[in-house]
Each structure stands twice: as C-alpha cells, then as structure tokens.
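Descriptive analysis of the structure
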Amino acid sequence: MVGKALETLFIKIWVIVKLNLFFWLFSCCGLLIAGIGPALKTINELFISHQFNYKDITLKAGWSRFKQNFVRGNILFYGTILLLTGLAYNLFLSVQIQGLAFLMIDFLLVFAMIYAVVTFQYTLLLDSYYEIGLKNLLKLAFISTLSNFTNLLKIAIGICLILFVTWKFKGLILFGTFSMIQIWSFTATKSWRQTIDQRLELHA
C-alpha cells in the first residue's frame with residue numbers, strides 16, 4: 001500500500017517536472033518572446049490528453065502541438081498581457097486619487113486583473129477540450145469565469161499559493177511552477193467542464 005502510494009506520488013512529481021521542462025524548452029524555441037504563449041498551451045494540452053500517464057507525454061508529441069499552437073497561443077497570451085498592462089497602468093494612475101474613490105477603483109482594477117488571469121486559464125483549458133473558433137472561445141471563457149465564482153476563487157488562490165511557494169523556493173521556476181498552475185486550473189474546473197459536456201449532450 002505504502003509502496004503504491006509512493007510510486008503514484010513520484011509519477012505525479014515526474015509529470016510536473018517533465019511538463020515544466022517542456023515549457024522552458026518550447027519557450028526557448030520561440031526565443032521566449034514568441035514561445036511562452038504556445039508553450040503554455042502545449043503543456044496544457046499534453047496534460048489534458050494524458051494526465052499522469054507520463055510515458056505518453058513525449059517530446060515529439062509536444063513539439064507537434066507547439067507548432068500547431070504557435071499562432072493561437074501567442075494571440076491568447078499577448079491579448080491577456082496587453083489587457084493586464086492596461087489595467088496595471090490604470091492602477092498606477094489611480095494612486096493619485098484621494099479618499100474612498102481610490103480604494104474602490106483600486107479594488108475593481110485588482111479584481112479585473114485577477115479575472116483576466118483566470119479567464120486566460122479558462123481559454124487554455126476550453127481550447128484544449130473543444131474545437132471552437134477564437135471569438136466563441138473568448139465568449140465561453142468569459143461566461144465560464146462568471147458562471148462559478150467559487151472556481152474563480154479556487155484558481156486565483158491556487159495560483160497565488162503556487163507563486164508564493166515559488167518565491168520561497170526559486171528552483172520551482174525551472175522544475176514546477178508553470179506546469180503546476182496548468183494542472184491546478186484543470187483540477188479546479190473539473191465540475192464546470194462536466195456541466196458543459198452535459199449541456200452539449202442535451203443539445204446534440
């Protein structure tokens with residue numbers, strides 16, 4: 001029993017490490033600037049397809065997906081980056097406002113930034129699950145984030161905790177941070193994806 005539990009634990013750790021190393025490899029293939037978005041989308045798809053079946057998560061399969069995801073991954077990633085940059089700039093400007101209005105605007109801007117990050121995670125997940133156009137993908141991700149506030153909190157809190165642990169243990173940047181975020185987002189949204197599947201079956 002203990003041996004089986006340890007084996008399962010080591011397999012999960014290896015998948016996390018393997019996916020994170022793939023992320024860095026593919027990011028470097030895109031010279032980071034054009035590689036991060038497609039790399040995130042690629043490790044997300046690899047995990048969704050194979051989960052903890054580590055033997056099926058191969059470099060060859062990852063490279064093939066990375067090439068397919070190059071354009072779409074960059075569109076989703078840099079669209080989110082532009083939105084976050086705009087929100088962060090407005091947050092910087094809001095410091096000049098005095099009184100209660102300052103707190104209210106700051107709260108709304110911080111929430112909008114969190115919402116944008118969670119929506120980006122939803123786009124990666126939903127795009128990996130369904131064949132869907134970019135416009136409809138963004139609509140579905142937007143609706144998905146609003147539909148269940150609990151899931152939004154779970155993803156946001158999970159990402160914050162992962163980043164906090166990474167800040168304490170910098171080695172995770174190389175060996176686990178990005179893959180853990182994708183795996184946590186997958187786990188946190190399981191119930192919502194099942195709901196979507198049920199609704200699709202009813203309208204099939």
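Remember, it's a predicted structure, so these values are computed and weren't measured experimentally.

A few words on the packing of aromatic side chains. Within the structure shown, the criterion is met by 16 aromatic pairs. Each ring, one from F66 and one from F70, has its centre 6.0 Å from the other, and the planes form 80°; the classification is edge-to-face. Placement of the pair is F66 and F70 together in helix α3 (residues 59-94), with a separation of four residues, close to one helical turn. Of the residues examined, F66 reaches a relative accessible area of 4% and is grouped as buried. By relative accessible area, F70 is classed as partly exposed at 32%. With centroids separated by 5.0 Å and ring planes inclined at 80°, the aromatic side chains of F77 and Y78 adopt a geometry described as edge-to-face.

Here we come to the confidence of the model for the protein. When the pLDDT values of the protein are averaged, the result is 89; 95% of them are 70 or greater. For the protein, the element scoring lowest by mean pLDDT is helix α9 (residues 190-202), at 76; helix α2 (residues 36-50) scores highest, at 95.

There is a patch of nonpolar side chains on the surface, built from F107, L108, F111, F149, L153, I157 and L161 and spanning about 720 Å² of accessible area. The dominant element in the nonpolar patch, judged by the number of residues it contributes, is helix α6 (residues 149-168), at four residues. For F149, the position within the fold is in helix α6.

Rules of the game
Residues numbered from 1 in each chain as written. Predicted model: local features only at pLDDT ≥ 70, side-chain atom pairs only at ≥ 80, totals over all residues. Heavy atoms only, no water. Phe/Tyr/Trp six-rings, centres within 6.5 Å; stacked < 30°, edge-to-face > 60°. Helix = DSSP H or I, 4+ residues; strand = E, 2+ residues; numbered from the N terminus. Buried < 20%, exposed > 50% of the residue type's maximum accessible area, 1.4 Å probe, protein only. pLDDT = per-residue confidence, 0-100. Patch = residues over 30% accessible without salt bridge, like charges linked within 9 Å, V, L, I, M, F, W, Y side chains within 5 Å. Areas by Shrake-Rupley, 256 points an atom, 1.4 Å probe, with all protein chains shown as cover. Salt bridge = Lys/Arg side-chain N within 4 Å of Asp/Glu carboxyl O.

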